[in-house]
Amino acid sequence: VIILSHGRGGPHSSYHKIAEAMVRQGLAAIVLDHYSARGNYGVKFQNFPNVSEGKNWREQDIQNLLSTLKNHPNINRKKVVLAGWSAGAGIVLPFISNPRRKDLPEDIFVAGAILTYPYTYGCYEKIQSFSVPVIIHFGKLDGNNGNPLTGYHCWKDKVGKIRDSKYPVIFKSYEGAYHGYDLVILKNRPKRCRNTKYRDGISQMCLAFNESAFKQATIENKIFLRNILGN
């Protein structure tokens with residue numbers, strides 16, 4: 001089973017398209033909705049929690065879901081894949097990083113993780129290594145150009161410093177791609193940019209779909225899943 005945790009923008013149809021592709025590969029797929037049952041966050045997905053506000057209950061959502069997998073006998077609890085986008089990728093980190101900050105139910109084994117443009121706040125966390133095979137995807141234009149403390153630049157540097165890891169960490173980058181390059185809801189929309197405050201100041205983050213990057217990442221995920229799941 002692959003569990004998909006959406007980004008700060010909410011559980012829109014793009015994640016279902018990706019989940020459908022996973023199902024075609026023979027996997028079960030679960031798309032988490034962290035928002036709709038929580039106050040106004042589900043109203044047209046216009047209200048978003050800040051990072052600190054949503055972090056704890058989003059992590060608890062994953063723990064609760066993993067605990068209920070025992071109720072689904074057709075799901076192999078020894079081959080769970082966690083996937084997250086942006087802030088959703090940050091929610092996956094506590095379950096797969098050393099030192100680990102969130103425990104898994106004792107009958108759950110995570111076989112790997114797919115992190116798609118994980119948010120910069122996760123890059124600031126102390127991560128010595130990963131406890132499972134990991135693939136990380138990033139557009140090369142995701143984050144201020146050349147700023148080592150934002151987006152693509154921060155994560156590329158962080159992954160490069162991980163040494164003596166028992167499990168492989170694959171870092172894939174895509175030319176001309178911004179944040180949200182694989183979100184099909186952005187396909188016919190112009191590029192949108194906004195300023196975001198990080199620890200080193202204000203940076204600009206842009207959202208734009210990129211067909212080429214989307215197709216490349218889909219192929220890379222298929223290869224990664226085949227390798228870690230053995231089918």
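Observations concerning the overall build of the chain
Part 1 of the reasoning: Looking only at helices and strands, one finds six helices and ten strands in the chain.
Part 2 of the reasoning: At 17 Å, the chain has a C-alpha radius of gyration in line with the 17 Å of a compact globule built from 231 residues.
Part 3 of the reasoning: Seen through its C-alpha atoms, the chain measures out along the principal axes to roughly 45 × 45 × 35 Å.
Part 4 of the reasoning: For the chain, with 231 residues in total, the buried portion stands at 51%.
Part 5 of the reasoning: Restricting to contacts in the chain with at least 6 residues of sequence separation, those with at least 24 account for 70%.
Part 6 of the reasoning: Summed over all atoms, the accessible surface of the chain reaches about 11,400 Å², with 49% contributed by carbon and sulfur.
Part 7 of the reasoning: The chain carries 32 positive and 17 negative side-chain charges, and their two centres are separated by 2 Å.

Quick notes on helix 1 (residues 13–24)
Part 1 of the reasoning: When the terminal C-alpha atoms of helix 1 are compared, their 17 Å separation across twelve residues agrees well with the 16 Å that a helix rising 1.5 Å per residue should span.
Part 2 of the reasoning: Listed in full, the buried residues belonging to helix 1 are S14, Y15, I18, A19, A21 and M22. Seen end-on, helix 1 carries its buried residues on one side only, within an arc spanning 155 degrees.
Part 3 of the reasoning: Looking at the buried residues of helix 1, the elements they touch are strand 1 (2–5), strand 2 (29–31), strand 3 (80–85), strand 5 (110–116) and helix 6 (211–229).

Topic: the pattern of salt bridges
For side chains bearing opposite charge, pairing can occur when the charged atoms are close.
Part 1 of the reasoning: In total, this model carries eight salt bridges according to the counting rule given.
Part 2 of the reasoning: Salt-bridge contacts for K172 lead to E220; the nearest nitrogen and oxygen are separated by 3.7 Å. Here the residue K172 occupies a position in strand 8 (residues 169–174), and E220 occupies one in helix 6, the gap between them amounting to 48 residues.
Part 3 of the reasoning: In this structure E220 comes out as partly exposed when scored by relative accessible area, which is 22%.
Part 4 of the reasoning: The salt bridge partner of K187 is E211, with a shortest N-O separation of 3.5 Å. Separated by 24 residues along the polypeptide, K187 in the loop between strand 8 and strand 9 (192–198) and E211 in helix 6 bring together distant segments of the chain.
Part 5 of the reasoning: Owing to a relative accessible area of 46%, K187 belongs among the partly exposed residues under this scheme.

Observations regarding the sheet that holds strand 3
Part 1 of the reasoning: Ordered by their spatial adjacency, six strands build an open sheet running 2-1-3-5-7-8, and the pairing between neighbours is parallel. The two strands at the open ends of the sheet, each matched to only one other strand, are strand 2 and strand 8. When the angles between neighbouring strand axes are averaged without regard to direction, this sheet yields 15 degrees.
Part 2 of the reasoning: The pairing of strand 1 with strand 3 spans four bridges and is parallel. In the sheet register, I3 faces strand 3, and the bridge partner there is L82.
Part 3 of the reasoning: Packed onto the sheet, helix 2 (residues 51–68) meets strand 1, strand 2 and strand 3 and runs at close to 160 degrees relative to strand 1.

Overview of the environment of R38
Part 1 of the reasoning: Structurally, R38 can be placed in the loop between strand 2 and helix 2.
Part 2 of the reasoning: In contact with R38, other than residues within four places in its own chain, are W57 and D61.

As for the nonpolar core
Part 1 of the reasoning: Ranked by size, the top nonpolar core spans 61 residues in total, and within it L82, I96 and I114 carry the most contacts.
Part 2 of the reasoning: Residues within four places of I96 in sequence aside, it is in contact with L82, V110, A113, L115, S129, F130, S131, V132 and V134.

Let's talk about helix 3 (residues 87–96)
Part 1 of the reasoning: The buried fraction of helix 3 amounts to ten of the ten residues, a majority that puts the element mostly inside the structure.
Part 2 of the reasoning: Buried within helix 3 we find A87, G88, A89, G90, I91, V92, L93, P94, F95 and I96.

Topic: the packing of aromatic side chains
Part 1 of the reasoning: Counted by the stated rule, this structure contains ten aromatic pairs.
Part 2 of the reasoning: When the ring of Y119 is compared with that of Y121, the centres are 5.8 Å apart and the planes differ by 70 degrees; the resulting orientation is edge-to-face.
Part 3 of the reasoning: Accessibility expressed as a relative area gives 32% for Y121, which makes it partly exposed.
Part 4 of the reasoning: An angle of 40 degrees between the planes, with centres 5.9 Å apart, marks the rings of Y152 and F171 as tilted. Of this pair, Y152 sits in helix 5 (residues 151–160) while F171 sits in strand 8; the two residues are 19 residues apart in sequence, bridging distant segments of the chain.
Part 5 of the reasoning: For Y152, a relative accessible area of 7% corresponds to the buried category.
Part 6 of the reasoning: Pairwise contacts between aromatic rings join Y117, Y174 and Y181 into one cluster.

Reading the values: the criteria
- Residues numbered from 1 in each chain as written.
- Predicted model: local features only at pLDDT ≥ 70, side-chain atom pairs only at ≥ 80, totals over all residues.
- Heavy atoms only, no water.
- Helix = DSSP H or I, 4+ residues; strand = E, 2+ residues; numbered from the N terminus.
- Rg over C-alpha atoms; globule rule 2.2 N^0.38 Å.
- Buried < 20%, exposed > 50% of the residue type's maximum accessible area, 1.4 Å probe, protein only.
- Contact = heavy atoms within 4.5 Å.
- Areas by Shrake-Rupley, 256 points an atom, 1.4 Å probe, with all protein chains shown as cover.
- Lys, Arg positive; Asp, Glu negative; His and termini not counted.
- Charge placed at Lys NZ, Arg CZ, Asp CG, Glu CD.
- Expected span 1.5 Å × (residues − 1).
- Arc of directions from axis to C-beta.
- Salt bridge = Lys/Arg side-chain N within 4 Å of Asp/Glu carboxyl O.
- Pairing = 2+ DSSP bridges.
- Axes fitted to C-alpha atoms, helices over the stretch in contact; angles between N-to-C directions.
- Core = buried A, V, L, I, M, F, W, Y, C linked by side-chain atoms within 4.5 Å.
- Phe/Tyr/Trp six-rings, centres within 6.5 Å; stacked < 30°, edge-to-face > 60°.

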